[in-house]
Amino acid sequence: MAEITDPRFMIIDHPLVQHKLHILRDKNTGTKQFRELVTELAIFEGYEAMRDFPLEDVEVETPLEKTTCKRIAGKKVAIIPILRAGLGMVDGILELVPSARVGHVGMYRDPETHVPHQYYCKFPPDIENRTCLICDPMLATGGSMTAAIQFLREAGVKDIRALTLVSAPEGVHAVLDFDPDVRLFTCSLDRELNEDAYILPGLGDAGDRIYGTK
């Protein structure tokens, strides 16, 4: 198995994450359960991706007395799913940050060249002021992810964090080499890509398994 030591790259290796991931990989896991697991794993990743958000003191009155507590200090979040599979991760992160805005990047991969082609891109109007969490369950070649990062940089975004569930070493290197400031989170660093640019051992086509298509 590949090993990547870049400090911008984090594997979420919590036992519950690994347990849920083994069910996600199973070809016999049905669409409903697969979709639920993607949401649950997105919640785990969201916790880690936002771990370093700054805090500030705030006074709260409990039923017994006043006390000083902590709250997140002014961070604005945008969730950017890469269509269509990335949509499966959005609800999980919205559970954590209900006030987050959601933008969308639509891309499809050429079946022969494996190059991504954009067909849709729309961001919230204040995107440059937000921490952006790009969501895509599979990081294969890295083409779609690097394209999404480029769109956000061109829109003025400074803080970009990429969240994936299963990643190939080729895609991880491509993303980290493309942008010196991006941070990348995944639940598993898999072995390699096959000749058709599918992740091995992987979990199949995430979009098809989320939406019950082939």
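Quick note: structure is the one above.
In this text, all values refer to a predicted model and were calculated from it rather than measured experimentally.

(A) Just helix α5 (residues 169-178), in detail. What α5 keeps buried is the set Pro169, Gly171, Val172, Val175 and Leu176. Buried residues of α5 fall within an arc of 165° about the axis and therefore sit on the same side.

(B) Local environment of the state of the cysteines. Applying the stated rule across the entire model yields 0 disulfides. Cys135 forms no disulfide, and the closest cysteine sulfur to it belongs to Cys132, at a distance of 11 Å. Unpaired in this structure, Cys187 has its nearest cysteine sulfur neighbour in Cys135, at a distance of 11 Å.

(C) Up close: the side chain of Ser167. Position of Ser167 among the secondary structure elements: in strand β11 (residues 166-167). By relative accessible area, Ser167 is classed as buried at 0%. Polar contacts involving the side chain of Ser167 include one to the side chain of Thr164, which spans 2.7 Å. Ignoring any residue separated from it by four or fewer positions in sequence, one finds Ser167 in contact with Leu139, Val172, Thr186, Ser188, Leu189, Asp190 and Ile199.

(D) Region of the structure containing the side chain of Glu45. Position of Glu45 among the secondary structure elements: in helix α2 (residues 31-49). Comment: no salt bridge for buried Glu45; closest opposite-charge side chain is Arg25, at 11 Å. The contacts of Glu45, once residues within four sequence positions are left out, are Ile12, Met89, Leu163, Thr164, Leu165, Phe185, Thr186 and Cys187.

(E) Region of the structure containing the environment of Ala168. Following the sequence through the fold, Ala168 ends up in the loop between β11 and α5. Distance in space between the C-alpha atoms of Ala168 and Asp136 is 13 Å, their sequence separation being 32 residues. Non-local contacts of Ala168, meaning those with residues more than four positions away in its chain, are made with Leu139, Ala140, Leu189, Glu192, Leu193 and Ile199.

(F) Structural view of the pairing of strand β10 (residues 160-163). Burial of the side chains of β10 extends over both faces: Ile160 and Ala162 are buried on one face and Arg161 and Leu163 on the other. In this structure, strand β8 (residues 131-135) lies alongside β10, joined through 4 bridges in parallel fashion. The residue of β10 that forms the bridge with Cys132 is Ile160.

(G) Molecular detail of the environment of Thr146. Position of Thr146 among the secondary structure elements: in helix α4 (residues 143-154). Separated by 29 residues in the primary sequence, Thr146 and Val175 have C-alpha atoms spaced 5.8 Å apart.

(H) Local environment of the nonpolar core. If you look at the biggest cluster of nonpolar residues, it comprises 36 residues, and the most contacted ones within it are Leu24, Ile93 and Leu165. Taken together, the elements giving at least two residues each to this core come down to α1 (15-25), α2, β4 (77-83), α3 (90-96), β8 and α6 (206-211). For this core, the element with the most residues is α2, which contributes 6 residues. When sequence neighbours within four positions are dropped, the list of residues in contact with Leu24 reads Phe34, Leu37, Val38, Leu41, Leu165, Leu203 and Arg209. Counting 27 residues, the second-largest nonpolar core is a separate cluster that includes Phe9, Ile127, Ile149 and Leu152.

Conventions and cut-offs
Residues numbered from 1 in each chain as written. Predicted model: local features only at pLDDT ≥ 70, side-chain atom pairs only at ≥ 80, totals over all residues. Heavy atoms only, no water. Buried < 20%, exposed > 50% of the residue type's maximum accessible area, 1.4 Å probe, protein only. Helix = DSSP H or I, 4+ residues; strand = E, 2+ residues; numbered from the N terminus. Arc of directions from axis to C-beta. Disulfide = S-S within 2.5 Å. Polar contact = N/O pair within 3.5 Å; in protein donor to acceptor, adjacent residues only side chain to side chain. Contact = heavy atoms within 4.5 Å. Lys, Arg positive; Asp, Glu negative; His and termini not counted. Salt bridge = Lys/Arg side-chain N within 4 Å of Asp/Glu carboxyl O. Pairing = 2+ DSSP bridges. Core = buried A, V, L, I, M, F, W, Y, C linked by side-chain atoms within 4.5 Å.

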